[in-house]
Structures are given as structure tokens and as C-alpha cells.
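Architecture and fold: a report
Residues per chain are reported as follows:
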Amino acid sequence: MSADQVVEYMTGLGRQARAASRVIARATTAVKNEALLATADAIEAAAQSLIVANALDLQAGRDNGLDEAMLDRLALTPAGLQGMVEGLRQVAALPDPIGAIRDMKYLPSGIQVGRMRVPLGVIGIIYESRPNVTVEAASLCLKAGNACILRGGSESIHSNRAIAECIRQGLDAAGLPQEVVQVVETTDRAAVGALISMPEYVDVIVPRGGKGLIERISRDARVPVIKHLDGICHVYVDDRADLDKAEAIALNAKTHRYGVCNAMETLLVHQAIAAEFLPRIAALYAAKGVELRGCEQTRAILSQALAATEEDWSTEYLAPILSIRVVTDMDQAMEHINRYSSQHTESIVTEDFTRARRFLAEVDSSSVMVNASTRFADGFEYGLGAEIGISTDKLHARGPVGLEGLTSEKYVVYGDGHIRQ
């Protein structure tokens, strides 16, 4: 496609999505659930053809030199397909937020005023590699009453087209327009530029991918963006911590999974307990093959630790690497966090209630925890059922973004011939 053709194609998708958004916004919970469950059935029935389509993407990826980590994210296995099916059924079982009215009250004028939860409208989602995101994004947008335009990575185009066909079957079964969920067919990168520049058709953009992609979207979008750039998460072990708890939390936060945004990247330890705690936790990290990079005080205790640089404090490793700093007190720990954090997730380990309350109040991140692993910063773990991503912005959503994060509120007013005096 030429640049003009790409813009024309994307404009067409946007126009169709805007029209479809009005239909899905008024759809009942039963109809939306029917579409989700029918999509799950269609994916189960098409499992073999989905794996065949995915094999085309995997072969193209190998031919184009994709690394093993990317190929692993790209692969659709029978277990992965079953996970997609179960995910659709779980979203269907979630409470529908749309139409709920809260805080309805009579005012002195006699009118009743409240707030009703409503869809955002049209959501554009831009993501890389994982084909399962196509199903996750479509299901959450649909349940929240939104139309969506999904632009997956070029490396997963065959998988996404095959999944899109299953979603179309699900929408047909429920009597909903196929344009409620549209997967961008072109792999031309100009499609992304067009999608993020159509405020007349698209209400929100959600980028899911690497830092480079998200930085570009945030810089160039003419549409509001829900996103986070980095997951530079901290655990602070206070001198009033239970060291057994601290050991379990610090180990889990770093080593449960490395390549995720809620993994701990910096461990902060109070100087009063550093000599006792650091050798204990370092032995556990050594058994897991974690490379340690520390400040001068850390290296005085742990000779195996490499010297941490200024860059280490602001690096999201997504790997078995951990930076460690010994701090004089909680104030210095919070100062470090507020300087270097990406405002994703921070945790304090302490038995001191007053300090825990201060940490919760003064640390400015989307998730702040007491005596818990940062790995809990996840929509499923927070009871949202599912999430479309994590937001470190302060508007419109913050933290894990589930169904409610894909909605807004409007004021509703009931009167009976009332006029303003």
C-alpha cells in the first residue's frame, strides 16, 4: 500500500469502529457474554488451523532472525490456546460495569444526581509479538462496551488473522457487527501513525510492547494514551523488618519471573541490618544465577557484587540482574525511590505500622505495598479478573487496567419538570 492508501484504509476502520461503538455500547450483558462464549467455542473448534497459521509466523520469524525469547512469545501451543479459551470464559463471567449508577442523591432543588459508568467508545491497541493479546484485548474491550481496532506486530500477522476470524464468528453468533473488533490487516508501519492520529474516530490508545514503541506512541499520538514505559520496581527492607519475610519477598520479587514489568530491579536495605541480611539473600540469588550490582557499602559486605553505576539505578533489567543499595533510613529509601522509580510498584518490608503508613502515603507509584512481593501488581491478582495493561499515568487510569479502566463516568440527572430558579 502507498502512504495515502494506508491512511484511507485506517480511516475506513476508524469510521466503521465509531459506528460499531454505538451498537456495542447499548448491547446487553447477555449479548456481550454470548459473543465472548461463542468466540471461545470458535477458537476451540479452530485450534488446528490456528496452530498452522502460527507455524507460518514462527517460520517467518526464524527466517528473519527473531531471537528465541521473541519466538517463545510468538508461539501458540495447545496449552496457550486453551488459556485463551478459558480467558474468554472468565471475562464473560465478570460483572458488567456498564450502566451501573452510583452516588444517586436528591439535591435541595429536588433533582436527583448520580454517576453512570459508560464505555470509552473506540480503543486502539498496538502490541507486539504475542497473539494471545488479540483475544485478551478484544474480550476486555467488548465486555466494557467498546469497539476496538487491534494492530498486532507484523511477526504475528497470520496468527492474528486466524484469531480475528474466530472473533468475527463470535460476534456473528451474538448478532453484533463484525466491526466491533477489527484487526488491522496491513503490516505497514504507517498504519500505527494513522491509528494514533484519528481523534475523531479513536478515543484511547493502549500500547503494549517495548519501551521504544511506547515512547513513540506517547510522543506522536493525538489521542489519549494509557501506558507505562518502565517497570523499575523497588523493595525496601527496613531495620524493623522480619528478615524471614524479607528474604521470601526479595527472592520472589526478583526471581519469580525476570522479563516482567513488576519484577524488582533494585533492592534497598537499611544499614542497621545490611550485614546480617545481605549475605542471606545473596546466597539465594547466587543459587538462582542472579548477578548483583551494589553501592560501596553493599560491596563491602558482598565481595562478589559488581560496582553499581548511576545508570543501574534507572535501568529495567528484565533479566537475572539486581542492583542493591544500602540506605541510612527509610527517608533515604523513599528519596531514592521517588528519584529513580518509574512509578510502577514499590514495597516496604517492616513490622513498624507507623513506617508502613508513611511509606504508603509518601511513595508516589501506581502500586505501593507493605510486606508483599511486587509480583502481585497484576490485574488478576488484584481481583480485576483480567487486565489490558498497567498504567503509570495519573489520568485516566492508574495501576492494572481492567474492565473499569476501559470505562468512564457521566453524570445523570432525574427531574420531574424541574427548572432552575
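In what follows, the accompanying structure is described.

What counts as what
- Residues numbered from 1 in each chain as written.
- Predicted model: local features only at pLDDT ≥ 70, side-chain atom pairs only at ≥ 80, totals over all residues.
- Heavy atoms only, no water.
- Helix = DSSP H or I, 4+ residues; strand = E, 2+ residues; numbered from the N terminus.
- Buried < 20%, exposed > 50% of the residue type's maximum accessible area, 1.4 Å probe, protein only.
- Contact = heavy atoms within 4.5 Å.
- Areas by Shrake-Rupley, 256 points an atom, 1.4 Å probe, with all protein chains shown as cover.
- Expected span 1.5 Å × (residues − 1).
- Pairing = 2+ DSSP bridges.
- Axes fitted to C-alpha atoms, helices over the stretch in contact; angles between N-to-C directions.
- Salt bridge = Lys/Arg side-chain N within 4 Å of Asp/Glu carboxyl O.
- Polar contact = N/O pair within 3.5 Å; in protein donor to acceptor, adjacent residues only side chain to side chain.
- Patch = residues over 30% accessible without salt bridge, like charges linked within 9 Å, V, L, I, M, F, W, Y side chains within 5 Å.
- Core = buried A, V, L, I, M, F, W, Y, C linked by side-chain atoms within 4.5 Å.

**Notes on the overall build of the protein**
Scanning the protein from N- to C-terminus turns up 15 helices and 16 strands. C-alpha extents for the protein along the principal axes are approximately 70 × 65 × 40 Å. Residues counted as buried form 51% of the 421 residues belonging to the protein. Across the protein, the fraction of contacts at a sequence separation of at least 24, relative to all contacts at a separation of at least 6, is 73%. When the accessible surface of the protein is split by element, carbon and sulfur atoms take 50% of a total near 18,900 Å².

**Comments concerning helix α7 (residues 157-173)**
Helix length check: α7, at 17 residues, gives a terminal C-alpha distance of 24 Å against a target of 24 Å (1.5 Å per residue), a fit within 8%. Taken as a whole, α7 has its buried residues at Ile157, Ser159, Asn160, Ala162, Ile163, Ala164, Cys166, Ile167, Gly170 and Leu171. Where α7 is buried, its residues meet α2 (29-45), α3 (47-63), α5 (78-93), β3 (122-127), α6 (132-143) and β5 (181-183). A positive backbone phi angle near 75 degrees is found at Gly175, which sits one or two residues after α7.

**Some thoughts on the sheet that holds strand β8 (residues 264-270)**
The strand order across the open sheet built from seven strands is β10-β9-β11-β8-β7-β12-β13, with neighbouring strands paired in parallel fashion. Because the sheet does not close on itself, it has two edges, and the strands there are β10 (306-307) and β13 (367-370). Where strand β9 (residues 291-294) and strand β11 (residues 321-327) come together, four bridges link them in parallel fashion. Residue pairing across strands places Arg293 opposite Ser323, the latter belonging to β11. Along the sheet face, helix α15 (residues 353-362) touches β7 (233-237), β12 (345-349) and β13 and points at about 175 degrees away from the line of β13.

**Looking at the pattern of salt bridges**
If you walk through the whole model with that rule in mind, you get 32 salt bridges. Two residues, Arg102 and Asp103, come together in a salt bridge whose shortest N-O distance is 2.6 Å. Judged by relative accessible area, Asp103 falls into the partly exposed class, the value being 45%. By sharing partners, the salt bridges in this structure join Arg102, Asp103, Arg115, Arg117, Glu404 and Glu409 into a single network.

**A closer look at the sheet that holds strand β16 (residues 407-414)**
Paired through their backbone hydrogen bonds, the strands of a sheet run either parallel or antiparallel. Pairing is antiparallel in the open sheet, where three strands are placed in the order β1-β2-β16. The open sheet is flanked by β1 (101-106) and β16, the only strands paired with a single partner. Strand-to-strand twist in this sheet, taken as the mean axis angle between neighbours without regard to direction, amounts to 20 degrees. Here strand β2 (residues 112-119) runs beside β16; their pairing, made up of eight bridges, is antiparallel.

**Concerning the environment of Tyr9**
As for its placement among the helices and strands, Tyr9 is situated in helix α1 (residues 3-25). Through-space distance from the C-alpha of Tyr9 to that of Ala191 is 8.5 Å; in sequence the pair is 182 residues apart. Those residues within four positions of Tyr9 in sequence are excluded, and the remaining contacts are Met1, Val183, Val184, Glu185 and Thr186. At 2.9 Å, the side chain of Tyr9 forms a polar contact with the backbone nitrogen of Glu185.

**Section: unusual backbone geometry**
Of note, the bond from Leu395 into His396 is cis; its omega dihedral lies within 30 degrees of zero at 0 degrees. Looking at where His396 falls in the secondary structure, it is placed in the loop between β14 (389-391) and β15 (399-401). Unlike most non-glycine residues, Asp103 shows phi in positive territory, near 60 degrees. Even without being glycine, Asn371 reaches a positive phi, approximately 55 degrees. For Asn371, the location among the structural elements is in the loop between β13 and β14. The class for Asn371 is partly exposed, based on a relative accessible area of 28%.

**Thoughts on the side chain of Ser342**
By the element assignment, Ser342 lies in the loop between α14 (330-340) and β12. When its relative accessible area of 15% is taken as the criterion, Ser342 is described as buried. Setting aside anything within four residues of it in sequence, one finds Ser342 in contact with Asp230, Gly231, Ile232 and Thr392.

**Some thoughts on a nonpolar patch on the surface**
Side chains of Phe376, Tyr382 and Leu384 sit close together on the surface and give an oily, nonpolar patch of about 260 Å² of accessible area. Of note, Leu384 is situated in the loop between β13 and β14. Overall, Leu384 belongs to the partly exposed group, its relative accessible area being 32%.

**Thoughts on the nonpolar core**
By size, the foremost hydrophobic cluster in this structure holds 53 residues, and its most contacted members are Ile43, Ile125, Leu150 and Ile388. If one sorts the elements of this core by residue count, α6 sits on top with seven residues. Ignoring sequence-local partners within four residues, the contact set of Ile43 consists of Leu50, Leu81, Met84, Val85, Leu88, Val135 and Cys166. Grouped together as the second largest cluster of nonpolar side chains are 31 residues, Leu292, Ala308, Leu322 and Val326 included.

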